[in-house]
Amino acid sequence: MQNNKVLTREPVIVQLHEIGSQDLGGKANGLAKLEAMGLAVPPAFVIHAAAKNHFPENLLENYQSLLNKALTDKVAVRSSALGEDGAEASFAGQYESVLNVEGSQALEQAINFCVDSVTGDRAAAYRSEQADMSQAVTMNVVVQAMVDAKAAGVVFTADPVSARRDLLVIDAVTGLGEALVSGEATPDHYAVHLSGDIVRRQLVGEVAILTDDEINLIAEQAREAAIKMDSPLDLEWALDQSGQLYWLQARPITTLPADLNEFDTVLPRVDDVLTISNVSEMMPGAVCPLTTSFTGYGIDYGLQHMQVQVGAREKITPEWQITASAYGHLLLNLTGNVVMGAALLGSDAERTAQTICGRPIPELKDLPPMPLWRRVWNMTRLLRYVMGASKASDTLTEAMKHFVLTPEPNSKDMMLQLSEKTPFYHYVMAVHLQTSALSGFLSSIVENMVNSGSTLSDGENQARTVSLLAGASHVESAVMLDELDVVVDAIAALPQASCDFQSATTEQALAWLQHTAPVDQQFANFLTHHGHRGYRELCMRDPAWADKPTTLIQSMQAAVQARLLGNKVHKHTTHIDPNSLSRGLRWILPKTHNAIRGREHTKSILADASHRFKRAFCQLGNSLEQEGKLPDADLVCFFALDELAPFVENPSEEMVKTVQARRSALDYQARLEMPEISVGLPQPVEAKDITVQDGVLHGRPACCGIVEGIARVALNLDEAAALQPGEILITPITDIGWTPYFSLIAGLATDLGSTVSHGAVIAREYGLPCVVNGRQATRYFQTGDHIRLDGDKGTISLLQRG
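In this report, the structure presented in the accompanying data block is examined. (Residues numbered from 1 in each chain as written. Predicted model: local features only at pLDDT ≥ 70, side-chain atom pairs only at ≥ 80, totals over all residues. Heavy atoms only, no water.)

1. As for the sheet that holds strand β5 (residues 141-145)
(1) Moving on: Ordered in space as β1-β2-β5-β3-β4, the 5 strands form an open sheet in which the pairing is antiparallel. With partners counted over all chains shown, the strands left at the sheet margins are β1 (12-15) and β4 (97-101), one partner each. Taken over all neighbouring pairs, the strand axes of this sheet differ in orientation by 20 degrees on average, direction set aside.
(2) Moving on: Note: strand β3 (residues 75-79) against β5, 5 bridges, orientation antiparallel. Looking at β5, one finds that S79 is bridged to V141.
(3) Moving on: Where helix α1 (residues 26-36) meets the sheet, its contacts fall on β2 (44-48), β3, β4 and β5, and the angle it forms with β5 comes to roughly 45 degrees. (Pairing = 2+ DSSP bridges. Helix = DSSP H or I, 4+ residues; strand = E, 2+ residues; numbered from the N terminus. Axes fitted to C-alpha atoms, helices over the stretch in contact; angles between N-to-C directions. Contact = heavy atoms within 4.5 Å.)

2. Describing the nonpolar core
(1) Moving on: In this structure, F613, F617 and L620 are the most contacted members of the largest nonpolar core, which totals 88 residues.
(2) Moving on: A per-element tally of this core places helix α13 (residues 411-451) first, with 14 residues.
(3) Moving on: Sequence-distant contacts of L620, defined by excluding residues within four places in its chain, comprise S411, M414, M415, L418, V636, L644 and V648.
(4) Moving on: Of all hydrophobic cores here, the second largest spans 55 residues; its members include F526, C703, L723 and V761. (Core = buried A, V, L, I, M, F, W, Y, C linked by side-chain atoms within 4.5 Å. Buried < 20%, exposed > 50% of the residue type's maximum accessible area, 1.4 Å probe, protein only.)

3. What about the packing of α13 against helix α20 (residues 583-626)?
(1) Moving on: For the pair α13 and α20, the least separation of the axes is 8 Å and the interaxial angle reads 160 degrees. Taken together, the axes of α13 and α20 are roughly antiparallel relative to one another. For the crossing formed where α13 meets α20, the hand is left-handed.
(2) Moving on: Its residues placed into classes, the contact of α13 with α20 shows 25 nonpolar, 14 polar and 4 charged. (Parallel < 35°, antiparallel > 145°, perpendicular 65-115°, else oblique. Left-handed = near helix turned anticlockwise from the far one by under 90°. Nonpolar A, V, L, I, M, F, W, Y, C, P; charged D, E, K, R; others polar.)

4. Some details on the pairing of strand β14 (residues 329-333)
(1) Moving on: With 5 of its 5 residues buried, β14 lies for the most part within the structure.
(2) Moving on: The alternating pattern of β14 places H329, L331 and N333 on one face and L330 and L332 on the opposite face, and all of these are buried.
(3) Moving on: For strand β12 (residues 273-275) and β14, the ladder comprises 2 bridges, and the chain directions are antiparallel. Pairing of L274 across the sheet is with N333, part of β14.
(4) Moving on: The antiparallel pairing of strand β13 (residues 323-326) with β14 creates a hairpin that spans 2 residues between the two strands, and Y327 there sits at a positive phi of about 55 degrees.

5. Some words on the sheet that holds strand β15 (residues 677-679)
(1) Moving on: Pairing within the open sheet is antiparallel, and its 4 strands lie in the order β13-β14-β12-β15. Where the open sheet ends on each side, the last strands, each with one partner, are β13 and β15. Across the sheet, the mean angle separating the axes of adjacent strands is 35 degrees when strand polarity is ignored.
(2) Moving on: With 4 bridges joining them, β13 and β14 adopt antiparallel strand pairing. Within the sheet, the bridge partner assigned to A326 lies in β14 and is H329.

6. Let's talk about the pattern of salt bridges
Pairs can form between side chains of opposite charge whenever their charged atoms are close.
(1) Moving on: In this structure the tally under the stated criterion is 28 salt bridges.
(2) Moving on: Between D634 and R541 there is a salt bridge whose closest N-O contact spans 2.9 Å. Note that D634 is positioned in the loop between α20 and α21 (641-649) and R541 in the loop between α18 (519-530) and α19 (550-565), a separation of 93 residues in sequence.
(3) Moving on: Residue R541 is classed as partly exposed on the basis of its relative accessible area of 34%.
(4) Moving on: The closest approach of N and O atoms between E676 and R775, which form a salt bridge, is 3.5 Å. Placement of the pair is E676 in the loop between α22 (653-671) and β15 and R775 in the loop between β21 (770-772) and α25 (777-780), with a sequence separation of 99 residues.
(5) Moving on: Connected through salt bridges with shared partners, the residues R541, D632, D634 and R663 form a single ionic network. (Salt bridge = Lys/Arg side-chain N within 4 Å of Asp/Glu carboxyl O.)

7. Overview of the side chain of Q434
(1) Moving on: On the secondary structure map, Q434 appears in helix α13.
(2) Moving on: Given a relative accessible area of 10%, Q434 falls into the buried group.
(3) Moving on: In this view, Q434 contacts Y385, G388, A389 and A392; residues no more than four positions away in its chain are not counted.

8. Re α1
(1) Moving on: Within α1, 8 of the 11 residues are buried, leaving the element largely enclosed by the surrounding structure.
(2) Moving on: Among all positions in α1, only G26, K27, A28, N29, G30, L31, A32 and L34 are buried.
(3) Moving on: Once α1 finishes, G38 follows within two positions and takes phi at roughly 90 degrees, a positive value.

9. Describing a nonpolar patch on the surface
(1) Moving on: The grouping of L345, L372 and V376 at the surface amounts to a nonpolar patch, some 250 Å² of accessible area in total.
(2) Moving on: Along the chain, V376 falls in helix α11 (residues 372-387). (Patch = residues over 30% accessible without salt bridge, like charges linked within 9 Å, V, L, I, M, F, W, Y side chains within 5 Å. Areas by Shrake-Rupley, 256 points an atom, 1.4 Å probe, with all protein chains shown as cover.)

10. Describing the packing of aromatic side chains
(1) Moving on: One pass over the structure, following the stated rule, counts 12 aromatic pairs.
(2) Moving on: Ring centres of F403 and F424 lie 4.1 Å apart, and the angle between their planes is 10 degrees; on these two criteria the pair is classed as stacked. Of the two residues, F403 is situated in the loop between α12 (389-401) and α13 and F424 in helix α13; the sequence distance between them amounts to 21 residues. Both residues of the pair, F403 and F424, count as buried.
(3) Moving on: Ring geometry for Y425 against F613: centres 5.6 Å apart, planes inclined by 75 degrees, an arrangement best described as edge-to-face. With a gap of 188 residues between them, Y425 in helix α13 and F613 in helix α20 connect regions that are remote in the sequence. (Phe/Tyr/Trp six-rings, centres within 6.5 Å; stacked < 30°, edge-to-face > 60°.)

11. Points about the side chain of H329
(1) Moving on: For H329, the location among the structural elements is in strand β14.
(2) Moving on: Not counting the four nearest positions on each side in its chain, H329 is found in contact with G285, A286, A324, Q669, L672 and M674.

12. Remarks on the state of the cysteines
(1) Moving on: Tallied over the full model, the rule gives 0 disulfides.
(2) Moving on: Left unpaired, C703 is separated from the closest cysteine sulfur, that of C704, by 6.2 Å.
(3) Moving on: As a non-bridged cysteine, C770 has C703 as the owner of its nearest cysteine sulfur, 6.8 Å distant. (Disulfide = S-S within 2.5 Å.)

13. Side note on unusual backbone geometry
Working note: non-glycine residues mostly have negative phi, and peptide bonds are mostly trans.
(1) Moving on: Residue P518 follows A517 across a cis peptide bond; omega there is 0 degrees.
(2) Moving on: Position of P518 among the secondary structure elements: in the loop between α17 (506-514) and α18.
(3) Moving on: Its identity as a non-glycine residue notwithstanding, N100 has a phi of 55 degrees, on the positive side.
(4) Moving on: Position of N100 among the secondary structure elements: in strand β4.
(5) Moving on: Overall, N100 belongs to the partly exposed group, its relative accessible area being 37%.

14. Thoughts on helix α3 (residues 104-116)
(1) Moving on: Between the first and last C-alpha of α3 there are 19 Å, a value that for 13 residues agrees with the 18 Å anticipated at 1.5 Å per step.
(2) Moving on: For α3, the full list of buried residues reads L107, A110, I111, N112, C114 and V115.
(3) Moving on: Where α3 is buried, its residues touch β2, α2 (59-69), β3, β4 and β5. (Expected span 1.5 Å × (residues − 1).)

15. Concerning the environment of S503
(1) Moving on: Secondary-structure assignment places S503 in the loop between α16 (497-502) and α17.
(2) Moving on: The spacing of S503 and Q557 is 54 residues in sequence and 7.6 Å in space, taken between C-alpha atoms.
(3) Moving on: For S503, the side chain forms a polar contact with the main-chain oxygen of S498, separated by 2.7 Å. (Polar contact = N/O pair within 3.5 Å; in protein donor to acceptor, adjacent residues only side chain to side chain.)

16. Looking at the environment of P43
(1) Moving on: Positionally, P43 belongs in the loop between α1 and β2.
(2) Moving on: Residue P43 is classed as partly exposed on the basis of its relative accessible area of 25%.
(3) Moving on: For the pair formed by P43 and L66, sequence separation is 23 residues and the distance between their alpha carbons is 6.2 Å.
(4) Moving on: Residue contacts for P43: discarding those within four places in its chain leaves L66, K69, V143, Q144 and A145.

Distances and angles like these do not, on their own, reveal function.
Set out below in structure tokens:
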């Protein structure tokens, strides 16, 4: 039985300017608001409470008056039911519209047609999902003069596909827009950034339907309407033959998640140069708000602490100075790092860029230097800071033995403990960055000594420096891989390894591993020592191996397959002949190798601290769910850190809806690709043509050696699970989660990174030819391509397409 019915009341005609606060349905209300803003709207009136075959007495009078004001003798008749085009549901396309209506008889037929659509199957099905079926529906009908359009279309003041609110998109067709709405015509597509730049043009023909002036006019007026209506809008527009712009419809966009830019940081300087290099090793891609506010600021705190210690900054501030967040992605503020160059001797923008990005960055400029006496004094502070790294590491190692986050029985106590112990995370970050500074400082000295007086090319000098740095043995992340190899070898030696582990599902392989002696104990021991590591290990939402070993098991399955095929890529040991080195290099190299070990040790401690905090936040989420304050525990990751304590104390349904919308936004943010370098906060990358000369892509050598083989392009760990023994891995960046694959591959190329990146360090440990900072490698090469990777010259060459 149909529960919806049209309310029985006398139909009356209302002019647009008379609507005011009345609710005459989405189309009518939208037109009234557009007209009130002073935007051009074709003449129109509204029939309130329209009923079939029951028309207002003054219908024909108003119809004639409308025609007298119009440029054509035709009208459009559109439904405007209550609830249609609302903030929660649009009902777009569920009710009917009739175009090119001419004459009073055709007008009455069109009105009846719109009224009948209230009880149509299409609208009824939509209402059953979106609204209370027992609620009566009032149908209002808009009668509006037709525009003699040379072009028409729709404009979204936020991109409904990417959910970017900084991007307005326009679809345009020649003539009436009905062909676009019905799908009969393919439109020109334009995207306009908030800055006014037209960042995308996708044309159907050789000539654009809209000129740049027309695009900018539509964008400007549409954004004005969205601001005044305080909502992203979906608007219909038309340009008449003279070029006059008319607005035909406005409704809220109901499918958007939270604002993707909600947690964008404010830069200290508007023209600061930002990069995704370095920080993207720890957390590639978009991260949840908790990670942004907890880990992201933790990194900034540690870097500010470094600058305060060496005299480059007076104090640590709560405002981000050296890192940044945009579209949910974490970035490094290169200009914020150049602050060190202004405070020290021998440091400048070019050295900063080389250290962090592995290449010069022309956009990065030096800041005005401090007085000479101050820079000399700061050099003594820098030496004291870096030389104190070993002692700081020892103190941290001891402190970590006593640091605990205890599960509490309720959310308030758990939150209190987290608030009290967050400063410890900042301390761990500061010490790790101190050991990293020592490693970078000594590595730079080695590079300068190699370059000094050399007649070799820059690439050859880089390769020689890389070879010398590769002599660092017992690096913790490489030792971890050695220990994993022992477990993999033990699994491969078992007769049931092929069917019960290697070819099983990930879940089946894990269950078998946990219940098969002796490898069960070996695997348990490995997780005891290294279970705090994992993919995106500083992210508060991504679980460590100990909590979810799925990705680890996938890599182990691939490694076992290599053992069974006899194709294991064995580790290479770099031997350095001391007699071939200068006295200075013989003195500095052992200290540099120790510094590299120290940096990897504190990085493991940082990962351990992150693991403990993410478990504690998970416990907080579980408590909030059990107490009925959150519908599910995962939502705790979508609060900013400073929002959690107030919510725990006074939870609200409004805040729950906010964090749910943020979780939806993360999926959109994750699809965005950030540029390697940007001036100011970045805009996501629009696809561009790849420029490769003669099939050769140039990067930076990170580990010497030349290898030819089949490429495996893997953008994430799920794709890496398909790696075959002896393939050359091409990926945007690697973190510790990728490490298990290093005993399987024959070479490594990354889009980002420098010679001190994680991938470069482990590649040197394994003697894997490695090229970093290829920048476009994952876009140019394809899985199955036959390539040559030259770790001596820093090139990747396409030999044959797969």
